[in-house]
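An overview of the molecular structure
Here are the chains, one letter per residue:
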Amino acid sequence: MTILVNENTRLLVQGITGSEGSFHTERCLEYGTTVVAGVTPGKGGSQHLGVPVFDSVDKAISETRANASILFVPPAFAADGILEALDAGVPLAICITEGIPVLDMVKVHRYLKGRSTRLVGPNCPGVISPEKCKAGIMVGEIHLSGSVGVVSRSGTLTYDVVSQLTSLGIGQSTCVGIGGDTLPGSTFTDILELFEADPDTRAVVLIGEIGGTMEQEAADFIRLGMTKPVVAFVAGSTAPPGKRMGHAGAIITGSAGRASEKIKALEWAGATICPNPAEVGPTTKKVLESM
Amino acid sequence: MTILVNENTRLLVQGITGSEGSFHTERCLEYGTTVVAGVTPGKGGSQHLGVPVFDSVDKAISETRANASILFVPPAFAADGILEALDAGVPLAICITEGIPVLDMVKVHRYLKGRSTRLVGPNCPGVISPEKCKAGIMVGEIHLSGSVGVVSRSGTLTYDVVSQLTSLGIGQSTCVGIGGDTLPGSTFTDILELFEADPDTRAVVLIGEIGGTMEQEAADFIRLGMTKPVVAFVAGSTAPPGKRMGHAGAIITGSAGRASEKIKALEWAGATICPNPAEVGPTTKKVLESM
Amino acid sequence: MKVHEYQAKALLAEHGIPIPQGRAASTPDEARRIAADIDGPVVVKAQVYAGGRGKAGGIRLTESAADAEKAASDLIGSRLVTPQTGSDGAPVSKVLVEEASDVTRELYLSILVDSASHLPLMIASEAGGVEIEEVAQSSPERIFRCTIDPAIGFQPFQGRRLAYGMGLTGGQVREATQLMKSLYRLFLDKDCSLAEINPLGVTTGGDLLAIDAKMNFDDSALYRHKDIQELQDKEQEDPLEVQARDWGISSYVKMEGDIGCMVNGAGLAMAVNDLIQYCGGRAANFLDIGTLNNPDRVVNSFKMFLADPSVRAVLVNIFGGMARVDVIAQGIVDAFRQMDIPFPVVVRLAGTNLDEGQRILTHSGIRFIEATDFYDGAQKAVQAAKGVTG
Amino acid sequence: MKVHEYQAKALLAEHGIPIPQGRAASTPDEARRIAADIDGPVVVKAQVYAGGRGKAGGIRLTESAADAEKAASDLIGSRLVTPQTGSDGAPVSKVLVEEASDVTRELYLSILVDSASHLPLMIASEAGGVEIEEVAQSSPERIFRCTIDPAIGFQPFQGRRLAYGMGLTGGQVREATQLMKSLYRLFLDKDCSLAEINPLGVTTGGDLLAIDAKMNFDDSALYRHKDIQELQDKEQEDPLEVQARDWGISSYVKMEGDIGCMVNGAGLAMAVNDLIQYCGGRAANFLDIGTLNNPDRVVNSFKMFLADPSVRAVLVNIFGGMARVDVIAQGIVDAFRQMDIPFPVVVRLAGTNLDEGQRILTHSGIRFIEATDFYDGAQKAVQAAKGVTG
């Protein structure tokens, strides 16, 4: 078992014919992901990378029984793409796009409320269940199938962390990038709940960063609802307040947004904190050995 | 037992200081209803008819533990009043106001979705559980406590029907006016479900009218989900198509809106149909006697 | 509330939706000048509220300004009888003179409020130019629907779905999406109850054009749209219904019998009319005096009965709730004092302040037939109308 | 993106929110003329992006046009040091000259997007004129909040709740509700991330007046607001950060160390900076080159390092995902070919197209220090910056 995606995932790619969409669809196919459909308005009826292309998500789903969608849609059109996926009732939507206006995401969240679709992202690297399904832009080869769940607000930092795990022989059940935006579709807590319920995940690595209070909320869940060990690193200890560090969400606006506050909350909740990002692999190894 | 309102109802009156609000609050108090608060923005802190008045619904609820609200608010402000009641989380809101713009009600319904408040009306006479609580503008004296539920799209026609029942010695558990608008807060089906679940309701009288398809949906519920007998009358057999007969919702726009279609659906579902409105009392009597 | 085609099109144009070049004319001469300005074949279209104008001869294709003048001259001042008017037809006081548009396809597009979802519903079809109900019956698969969630507004993906459903391709899809967005905006801005473009033409150049348009407005929202109120053309309505509205009786519908009815409450009024028919008579009207506690409204209702030559008897049926019986009773007395009532009046009162109401009637000395309940009232009114004294 | 007070107020005024009479001046002479027009006591306010101007002497109350000119002359061209600027202060190139408003109360009003509810949140308090965070700490009961559901928009009942919360009464409640509705409209129309009126004054006449205003805008939405983009005042920003943006590097933050960093991904960039400090060094900047596969962006990053006099060594850390390592490698080679790189460059590459990237670097003959992982990279960069050859 894994969470979110597995060998039964039938992936739909929104924006499949764009350059990023093309590039990563090809990587996903190479990895072995079952990509059943693409959507690019106006290109319905054609084929791209051997995948049938449709004009709309609902048509793609009704004809291919796709059960997950990944979006490579430019920021100005991405919210419309997510709303289309939600409207079509796809169970999982993963939005890679960075730079979606916040007020567009307000609408997306309002529309999401009461629906059963899970949204991951935007501004995220996607989701991978190693050796089963890659629905994202992460490098497939660095992953190894196993029993550690990874959840992160970052993209490339996660690759580094996963590389450390893999090089130590520690496989991953699923790696989830929840993204660096201020209004992510899924939070740490949402994903931790799934890992807690997944029988094949033994431990979880959580990679947080400055800004917002999502790590503090995760800490509450870890303390009250989590039986599995959590290894955590929070990026941005050296970031100055009031400056946006790349990610829209990575900005210290109040004291709660500081790395030190987040680390304190996670530590108090019982997570094992890594003093620097190069320690995540070794720390996870120790935690697993002590179980 | 009754549905919606009973001796434990603590009623709040929105628009208590207006002329209709005043008049009917007084009638409700006379009937024995526990009116605990009124709301009129700008008049908070005063008393009206011996009832404390507040500036806002949330304040009224937090200070008086009101658990139902009735609205006598002019049409231009009524949607705002309903939204305020929903926002404050009152379990039951009864809107008497006629003439609320349809697009205002679209917003109300969107906001209502996913919330636990039940809205009755607008453009309705309200709800009465005889000898327990009157939360409406109906004449209290014509009612008799008993075991027949009454649900109706009409106001005065219901009074007539209730008079017939009472004069035959048939008491009512609760009488609910769902109102004559095109987008009512509660439908026949919603109220039938409550009557079906109420142990002290033995039979239900349903007073429908032309326009829309609410009677057909009720027929589906009667056929599949209702064990108690239903006596029905549908007004408007002589109404010409395309003409609005007073109520915003009483207009035949397609064949489904005709009285004959509604009667056919209800009859097929097993309801006992009254050929004319003066027969509702006698028919109900026969139905009860045959149980 | 309804408006004319030319008014609906003006609203579309204000919201950026393309319409054919043209203007409304009130005289044949004006029609000729508009046609001359257009310089090419024009269509002269009778402006009446009813549909079905084409088959009824209300839409004329003309090749010259002189022909347009002739067509306008035929139409203006006539009454147009269509399947949607009664046998009297509807009076034509204006024609719309428009360039004749070359369209290769006729589509359908509309918005209304869907009572099942409680949301605005946009409906599109590739089968335009006919009544959408017919398409819905014969080939429902050719109709595409999208509800619009006010939380997110009209979204491009919905526009694409409907546009593809209508068989549009390429740049037309974006054009159609923009048009739908504008139509939704108009629908919201003006509190429409229906905004329909039928047919929505696809020109030989591939562009979209609103060939015909129909708009209805929510009566309850007119108070916030003075501009729409001003569009109302009373000539298109039943004169008695216009009269009733002028006298403050908004719920009056002319019917075909001879018993004038005054009832409080729409459901009760319908039931009373049904009951009259059940008892062998026919109502002359539907009249709900509403809940306003104002005796003048009662007096005005009696004025309506006097204005309607078909009325032979009157049935007043009041069950007081929000309306108070004493106020109604006073209104009846006022009516008898202010005018000569030439027909028998059956009165049935019940409900709030009944005793006071009965006292007022009895002490007034007016001549009326008292009824004990509404069945009794209906029977007595039917007898009275037949000339049988009650 | 931030804007000046006078620009924020102009936006408020456009949306019908009352602001004091006044204009911005770029010269003392202009300030004198504006003050003369106002004819009464005026406030001369330094226009800088930072808050805390009052205590820093950036806001001067003057009684005459001559005094206003003098105040403007003091401020324009100076650098204002406030608790929010850093020790260098912020350059003052404009002052806002405004009528001095007599206010009896100072309230607080703002809107931002609440990340817990994912909805716009309106915040009101009767305790205006100070930082709202201080009020939130000391007397949270004086702060009132309403989230705004896009399904229904801002509703009058919310306005009343907040207005009563601010201690307003009578006609002020309706005035405040209208003002809040306008502020919400502005917030939506311009994609604000913050719209704050603090203080919102109550004048001696009982009216509301926006005494000071602050507006921030969502960078991701600027593409649809050319008018807002044009308001940007680059003088108020770090010159290196302005330079970075001009060169297409949107994620650059100047920091206080000596190791220039070029990383792909914000989280990794923060982690690399953290790691450098962990290894005993300090980063000169945060620089995320993002995911665009464009070697010019890499070349421009090196231009940034050359432009920053504090850089003594460079660490390039790329883990290719969406970004491709070969493209980055080509960028590094291009940079070395186009300019003279005077500092040691540590390069750590991993991920997509790694082999091709390494081949490009190795075959180019450029001089760089290779790192095997990011810890190795950080250590080597720290050593290099200290002058220890890697």
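Bear in mind the structure is a predicted one, so any value in this text is a computation, not a measurement. Here the residue numbers are simple positions, counted from 1 along each chain's written sequence. Going through the entries in the order they are written, you letter the chains from A and number the ligands from 1. Only residues with pLDDT of 70 or above have their local features reported here, since the model is predicted, and side-chain atom pairs are shown and tallied only from 80 upward, although totals for entire chains, interfaces and linings are computed over all residues. Hydrogen atoms and water are omitted, and side-chain values are computed over all heavy atoms in the structure.

Topic: the overall build of chain C
To keep it simple, the criterion reads: We count a stretch as a helix when DSSP gives it H or I for four or more residues in a row; a strand needs E for two or more, and each element gets its number in order from the N terminus. Relative accessibility thresholds used throughout: buried, under 20% of the residue-type maximum; exposed, over 50%; partly exposed, between the two (1.4 Å probe, protein chains only). The contact criterion used is simple: two residues touch if any of their non-hydrogen atoms lie within 4.5 Å. For accessible areas, the Shrake-Rupley method is used with a probe of radius 1.4 Å. Any residue's cover is judged against the shown protein chains and nothing else.
Along its length, chain C carries 13 helices and 18 strands. Considering only C-alpha atoms, chain C reaches an extent of 80 × 50 × 40 Å along its principal axes. Per-residue burial over chain C gives 58% buried out of 390 residues. Sequence separation of at least 24 residues holds for 68% of the intrachain contacts in chain C that already meet a minimum separation of 6. Only carbon and sulfur atoms are counted for the fraction: they give 47% of the accessible area of chain C, which is about 15,800 Å².

Details of the sheet that holds strand 13 (residues 230–235) of chain A
Adjacent strands of a sheet form backbone hydrogen bonds with each other and so pair up, either parallel or antiparallel. As a reminder, the rule being used: Strand pairing requires that DSSP identify at least two bridges connecting the strands. Orientation is described by lines fitted to C-alpha atoms, with helices fitted over the stretch in contact, and by angles between N-to-C directions that extend from 0 to 180 degrees.
Read across the open sheet, the 7 strands follow the order 9-8-11-10-12-13-14 (chain A); overall the sheet is mixed. The sheet is open, and its two edges are formed by strand 9 (133–136) and strand 14 (272–273) of chain A, each paired on a single side. Two elements, strand 10 (residues 145–152) of chain A and strand 12 (residues 203–209) of chain A, share 5 bridges in a ladder whose sense is parallel. By the bridge assignment, A:Val150 is partnered in strand 12 of chain A with A:Val205. The strands that helix 6 (residues 188–197) of chain A touches are strand 10, strand 11 (172–177) and strand 12 of chain A; relative to strand 10 of chain A, the one it contacts most, it runs at about 165 degrees. Packing against the sheet, helix 9 (residues 266–278) of chain D makes contact with strand 12 and strand 13 of chain A, and its axis sits at approximately 85 degrees to strand 13 of chain A.

Some remarks on the domain arrangement of chain A
Residue and element names in this part refer to chain A. To keep things clear, this is the line we draw: Boundary definitions for the domains trace back to an automatic or database domain assignment. Throughout, the accessible surface (probe 1.4 Å) given up by two parts as they are put together, summed over both, is called the buried area. In what follows, salt bridge is the name for a side-chain nitrogen of Lys or Arg lying within 4 Å of a carboxyl oxygen of Asp or Glu.
Each assigned domain of chain A is listed with its residue range as follows: domain 1 (10–120) and domain 2 (138–290). For domain 1 versus domain 2, the distance between C-alpha centres works out to 26 Å. Buried surface at the junction of domain 1 and domain 2, both sides included, amounts to about 910 Å², of which 55% is carbon and sulfur. Of all residues in domain 1, the largest losses of buried area upon contact with domain 2 belong to Tyr-31, Arg-118 and Val-120, amounting jointly to 47% of the total for that side. Taken together, domain 1 and domain 2 are joined by 0 salt bridges. When residues of the side of domain 1 that touches domain 2 are traced back to their parent elements, those giving at least two are helix 4 (102–112) and strand 7 (118–120).

Thoughts on the domain arrangement of chain C
Residue and element names in this part refer to chain C. We apply this condition: Contacts described as polar in this section are N or O atom pairs within 3.5 Å, which, within protein, must combine one atom able to donate a hydrogen with one able to accept it, while residues neighboring in sequence count only if both atoms come from side chains.
When cut into domains, chain C gives domain 1 (1–20 + 102–237), domain 2 (21–100) and domain 3 (238–385). Each of domain 1 and domain 3 has a C-alpha centre, and these two points are 41 Å apart. Facing the 4 residues of domain 1 at the interface are 5 residues of domain 3. Here domain 1 meets domain 3 over a buried area of about 380 Å², counting both sides, of which 41% is carbon and sulfur. It is Gln-232, Lys-234 and Glu-237 that lose the most area in domain 1 upon contact with domain 3, and together they represent 100% of the buried surface on that side. Counting across the domain 1 and domain 3 interface gives 2 salt bridges. Between Asp-246 and Lys-234 there is a salt bridge; the shortest N-O distance is 3.2 Å. Applying the counting criterion to the domain 1 and domain 3 interface returns 2 residue pairs in polar contact (both at pLDDT 80 or more).

Notes on unusual backbone geometry
Following A:Gly121, the chain continues into A:Pro122 via a peptide bond in cis, with omega recorded as 5 degrees. Residue C:Pro199 is bonded to the preceding C:Asn198 through a cis peptide linkage, with omega at 5 degrees. Take C:Pro199: it is sitting in strand 10 (residues 192–203). A positive phi angle, close to 55 degrees, is found at A:Leu49, a residue other than glycine. Classification of A:Leu49 as partly exposed rests on a relative accessible area of 33%.

What about the interface of chain B and chain C?
Rule in force here: When residues are sorted by character, Ala, Val, Leu, Ile, Met, Phe, Trp, Tyr, Cys and Pro go into the nonpolar class, Asp, Glu, Lys and Arg into the charged class, and all the rest, Gly among them, into the polar class.
Every contact between the two is made by 48 residues of chain B and, on the other side, 46 residues of chain C. At the boundary of chain B with chain C, total buried surface from both sides reaches about 3,800 Å², with 66% on carbon and sulfur atoms. Joining chain B to chain C, the criterion identifies 5 salt bridges. A salt bridge links B:Lys243 to C:Glu241, with the shortest nitrogen-to-oxygen separation between them at 2.9 Å. Viewed at the interface, chain C and chain B are joined by 12 residue pairs in polar contact (both at pLDDT 80 or more). Where the side of chain B that touches chain C is concerned, the elements lending two or more residues are helix 1 (19–31), helix 4 (102–112), helix 5 (156–167) and strand 13 (230–235) of chain B. Counted by class, the side of chain B that touches chain C contains 27 nonpolar, 14 polar and 7 charged residues.

Focus on the pairing of strand 2 (residues 42–46) of chain C
All names here are of chain C. A large share of strand 2 lies buried, amounting to 5 of its 5 residues. Covered by surrounding structure in strand 2 are Val-42, Val-44 and Ala-46 together with Val-43 and Lys-45, the residues of both alternating faces. Bridging between strand 2 and strand 6 (residues 95–99) involves 5 bridges; their strand directions are antiparallel. Bridge pairing links Lys-45 to Leu-96 in strand 6.

Considering the interface of chain A and chain D
On the side of chain D, 47 residues touch chain A, which itself brings 48 residues to the contact. Summing the contributions of chain A and of chain D, the shared interface buries around 3,800 Å²; its carbon and sulfur component is 66%. The interface formed by chain A and chain D contains 5 salt bridges. Ionic pairing is found between D:Arg224 and A:Asp104, a salt bridge with its closest N-O pair at 2.8 Å. Across the contact surface, chain A and chain D share 12 residue pairs in polar contact (both at pLDDT 80 or more).

Re the confidence of the model for chain C
Inclusion rule: What pLDDT conveys is the predictor's confidence in a given residue, as a value from 0 to 100.
The predicted model of chain C has a mean per-residue pLDDT of 93, with 99% of residues at 70 or higher. Taking the mean pLDDT of every element in chain C, the minimum, 88, falls on helix 4 (residues 132–138) of chain C and the maximum, 98, on helix 1 (residues 5–14) of chain C.

Here's the deal with helix 5 of chain B
Residues and elements named next belong to chain B. To keep things clear, this is the line we draw: Expected span of a helix, by definition, is 1.5 Å for each gap between consecutive residues, and there is one gap fewer than residues.
With 12 residues, helix 5 should reach 16 Å at 1.5 Å per residue; the first-to-last C-alpha distance of 16 Å fits that figure. In terms of burial, helix 5 is a largely internal element, 10 of the 12 residues being buried. Inspection of helix 5 places Thr-156, Leu-157, Thr-158, Tyr-159, Asp-160, Val-161, Val-162, Ser-163, Gln-164 and Leu-165 among the buried residues, and these make up the whole buried set. A positive backbone phi angle near 80 degrees is found at Gly-169, which sits one or two residues after helix 5.

Regarding the pattern of salt bridges
Here the idea is simple: oppositely charged side chains can pair when their charged atoms come close. Inspection of every chain in the model, using the stated rule, returns 66 salt bridges over all chains. Among the salt bridges present, the one from C:Arg160 reaches A:Asp80, with a minimum N-O distance of 3.0 Å. Here A:Asp80 lies in helix 3 (residues 75–87) and C:Arg160 lies in helix 5 (residues 156–165), a pairing that spans two chains. Look at C:Arg160 and you get buried, because its relative accessible area is 16%. The class of A:Asp80 is buried, set by a relative accessible area of 8%. One salt-bridge network, in which partners are shared between bridges, spans C:Glu5, C:Lys9, C:Lys45, C:Arg53, C:Glu98 and C:Asp212.

Focus: the packing of aromatic side chains
Here is the rule we go by: A pair of Phe, Tyr and Trp rings is counted when the ring centres sit within 6.5 Å of each other, with Trp represented by its six-membered ring. The angle between the planes then sorts it: under 30 degrees is stacked, over 60 is edge-to-face, the rest tilted. A ring has a charge above it when a Lys NZ or an Arg CZ is no more than 6 Å from the ring centre and no more than 35 degrees off the ring normal.
A full pass over the atoms with the stated rule returns 8 aromatic pairs over all chains. With 5.7 Å between their ring centres and 65 degrees between their planes, B:Tyr159 and C:Phe319 make a pair best called edge-to-face. Placement of the pair is B:Tyr159 in helix 5 and C:Phe319 in strand 16 (residues 313–320), with the two residues belonging to separate chains. Given a relative accessible area of 4%, B:Tyr159 falls into the buried group. With 6.5 Å between their ring centres and 40 degrees between their planes, D:Phe154 and D:Tyr184 make a pair best called tilted. Note that D:Phe154 is positioned in the loop between strand 9 (143–147) and helix 5 (156–165) and D:Tyr184 in helix 6 (residues 171–189), a separation of 30 residues in sequence. An aromatic cluster is built from C:Phe302, C:Phe305 and C:Phe336, whose rings are joined through pairwise contacts. Directly above the ring of B:Phe23 sits B:Arg27, whose terminal nitrogen or CZ lies 4.4 Å from the centroid. Just above the ring of D:Trp247 sits the side chain of D:Lys303; from NZ or CZ to the centre is 5.5 Å.

Section: helix 11 (residues 325–338) of chain D
Residues and elements named next belong to chain D. Helix length check: helix 11 (14 residues) gives 20 Å between terminal C-alpha atoms against 20 Å at 1.5 Å per residue, within 8%. Counting buried positions along helix 11 gives 11 out of 14 residues, so the element sits mostly inside the fold. Residues of helix 11 that are buried include every one of Val-325, Asp-326, Val-327, Ile-328, Ala-329, Gly-331, Ile-332, Val-333, Asp-334, Ala-335 and Phe-336, and no others. Check the buried side of helix 11 and you find it contacts strand 14 (259–263), helix 10 (295–307), strand 16 (313–320), strand 17 (345–351) and helix 12 (354–364).

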